[in-house]
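# Reading the structure
In case you want the letters, here they are:
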Amino acid sequence: MTQPAGIPAGVARGVEPVRQIPTDPPGDAPTEKVGLCLSGGGYRAMLFHLGALKRLNEAELLADLDRVSSVSGGSITAATLGLRWRDLAWRDGVAVNLDELVVEPVRALARHTMDVGSVLRGTLPFTSVGERVADAYREHLLGDATLQDLPDDRSGPRFVICATNLESGALFRFSRPYVADWRVGRIENWPIPLADAVAASSAFPPVLSPFELDLADAPWESVAGNELTGPEYRARISLSDGGVYDNLGLETVWKRCATVLVSDGGGHIADDPDPPRDWPRHTMRVLQVIDNQVRSLRKRQTVASYRLRLRKGAYWGIRSHVADYGLDDPLDCPPDKTRALAETPTRLRKLDDAHQERLVNWGYAICDTALRRWIDRKLPRPDGFPYPERGLG
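Scope of this entry: the structure provided in the associated data block. Residue numbers restart at each chain and count upward from 1, following the sequence in its written direction. Whole-chain, interface and lining totals are the exception, using all residues; otherwise, since this is a predicted model, local features are given only for residues with pLDDT of at least 70 and side-chain atom pairs are given and counted only at 80 or more. Note that the side-chain values use all heavy atoms of the structure and ignore hydrogens as well as water.

This next bit is on helix H12 (residues 335-342). Among all positions of H12, only Thr-338, Leu-341 and Ala-342 are buried. Down the axis of H12, the smallest arc covering the buried residues is 100°, so these residues share one side. Residue contacts follow a heavy-atom distance rule, with two residues in contact if any of their heavy atoms lie within 4.5 Å. Runs of H or I in DSSP of at least four residues are treated as helices and runs of E of at least two as strands, each being numbered from the N terminus. Elements in contact with the buried residues of H12: helix H2 (42-58) and helix H13 (353-375). Relative accessibility under 20% of the residue-type maximum defines a buried residue, over 50% an exposed one, and the middle range a partly exposed one, all with a 1.4 Å probe and only protein chains included. Of all possible arcs, the one meant is that of the directions from the helix axis to the C-beta atoms.

Let us look at the pattern of salt bridges. What counts as a salt bridge is simple: a side-chain nitrogen of Lys or Arg found within 4 Å of a carboxyl oxygen of Asp or Glu. What the rule picks out here adds up to 26 salt bridges. Among the ionic pairs, Arg-277 bridges to Asp-274, the shortest N-O distance being 2.7 Å. Both residues of the pair, Arg-277 and Asp-274, count as exposed. Taken together, the shared-partner salt bridges in this structure form one network comprising Arg-55, Glu-58, Asp-329, Asp-368 and Arg-372.

Let's shift gears to empty space enclosed by the protein. Any residue with an atom within 4 Å of a point lines the site, the site being either a cavity, points on a 1 Å grid over the protein atoms alone where a 1.4 Å probe fits but cannot get out, or a pocket, an open set with protein on both sides within 12 Å along at least 5 of 7 lines. Grid points are joined across faces, edges and corners, and a volume is the space filled by probe spheres set on the points. Inspection of the entire model under this criterion finds 1 cavity of 30 Å³ or more. Reported here for the largest cavity is a volume of approximately 150 Å³. As for the largest cavity, its lining consists of 14 residues, and the residues nearest its centre are Asp-24, Arg-67, Arg-173, Tyr-178 and Thr-252. Within the residue set of the lining of the largest cavity, elements represented by two or more residues are strand S5 (158-165), strand S6 (170-174) and helix H10 (251-254). Partitioned by chemical class, the residues of the lining of the largest cavity number 5 nonpolar, 2 polar and 7 charged. Residues are grouped as follows: nonpolar covers Ala, Val, Leu, Ile, Met, Phe, Trp, Tyr, Cys and Pro; charged covers Asp, Glu, Lys and Arg; every other residue, Gly included, is treated as polar.

Here the term patch refers to residues with relative accessible area over 30% and no salt bridge, with like charges joined within 9 Å and nonpolar side chains (Val, Leu, Ile, Met, Phe, Trp, Tyr) within 5 Å. Areas reported as accessible are Shrake-Rupley estimates using a 1.4 Å probe. Residue values count occlusion only from the protein chains shown. Judged by side-chain polarity, Val-286, Leu-287, Ile-290 and Val-294 come together as a nonpolar surface patch covering roughly 320 Å² of accessible area. Counting through the fold element by element, Val-286 comes out in helix H11 (residues 279-307). Residue Val-286 is classed as partly exposed on the basis of its relative accessible area of 36%.

The calculated volume of the largest pocket comes to roughly 1200 Å³. Lining of the largest pocket is provided by 38 residues; of these, Pro-205, Gln-288, Asp-291, Arg-295 and Thr-346 occupy positions nearest its centre. Listed by contribution, the elements that provide at least two residues to the lining of the largest pocket are helix H9 (243-246) and H11. Here the element with the most residues in the lining of the largest pocket is H11; it accounts for 10 residues. Taken together, the residues of the lining of the largest pocket sort by class into 15 nonpolar, 11 polar and 12 charged. Volume-wise, the second largest pocket comes out at about 460 Å³.

Right, let's talk about helix H7 (residues 194-201) for a bit. Turn by turn, an α-helix covers 3.6 residues, leaving residues three or four places apart pointing in a common direction. Within H7, 8 of the 8 residues are buried, which leaves it mostly tucked inside the rest of the structure. For H7, the complete set of buried residues consists of Leu-194, Ala-195, Asp-196, Ala-197, Val-198, Ala-199, Ala-200 and Ser-201.

Next comes the structure, spelled out in C-alpha cells:
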C-alpha cells in the first residue's frame, strides 16, 4: 500500500485494522470504490443497520456500493439486501422500493424469537442448534435462496457474509463467486443455502455456536498460501459468529475499497463492581473483556486510519453521540435515549414495533450525522426520522 504523504514510515502499518495476506489476489488491492461494513449485534444491530441503509439510499450512496461485508446480526440485513438487489427499482439513484423489499421483511423477522426455540429444538436427536437457526431464517426471511441468488459483480455489490472458522482460527467468507478460508482453500460458485451462511455468521457463542457446514463433496481448490488442505479441514467445518474474528466486518472491504463506511451496532461490556469468582462465570467475564478489547481496538484503528488518510470514509455506531461529530444541525438525538437503545440485548428475541422503529430511527440519524460531516457536506438535512411518531423513545 502507498504511504500517505507526510506520515512517517511504519506508522500506517501500525494503525491499519487489517492487512493483505499471501492469498489475496493483487487485483484486490484498494481501488476507488465504496464499501459498507455491517457489524454484529443481534436484532439490535439488524434494525440499526436498516436505518443506515435508508439514509444511504436517500443520499444516493447505496447504488454506488461495490462491496458489502457483514457479520452476525448485520448479515441478516445484508443477506436480505443482496437477495432483493436485482428487484430494487432505481429512480435518480434511489431505490424507491427499499422499504417494501428489504426493510419490512427484516422487521417482520424481528417479530419472532429465534434463539430460545432453536436452542431447545436443537437438543433433539438428529439435529443441532445451528440447523434450527438456519431453518428459522429459511422460514421467515430467506426461503430456499442460495449464494448464487446474490447479484454478480456486474449487476450489484459483492456481498460477503463472514463467519469464523474455529478449526483454522481464520475468517470464513461466503460470497457468490466463492466461499473461502485463506488457510484452507476456496470453492467457486457453490450453491450454499443463504440461510446457512447467515446462520453460521450469527452463531453467537456459546449457545448458538458452532454451526457445522458439510463441504466434504465440494470441489475445493488450493492456491498459494493454503496450508490446511487435508480432508480433516475440508469436510465438516465448525463455524462460529463472524464477530469472534472481526465484529465490524472490516477485512474484505478494507482490502478492496478506498472508501469504507462502517455501521456499528455492536454491544459493550457492562461495568461490574463485583465480578464473579466461580470458575464458569469468571471465565465468561474474562472472555467478555477480551472480546470488548478486540472490538475497541478495531474501532480505534479504523478511525485513526481515516485521520491518517489511509482510507476515506466514516464510522457511526449505536453508542456514538451526535455532538462528537461537530455537525452544526444534526437531528435531535438526546444521549439518554440513544444510550437506552444501545442497551438492547444482543439477542434474536422479538421486539415490539415501537422499539424496532426507534432503533431504525437511531441508525438513520447517526448515519446522517456521519455522512454530512465526513462524506458530503452538501447533503441536505433530512426533515426528520423515518418513523417520526416514534422518535427515539
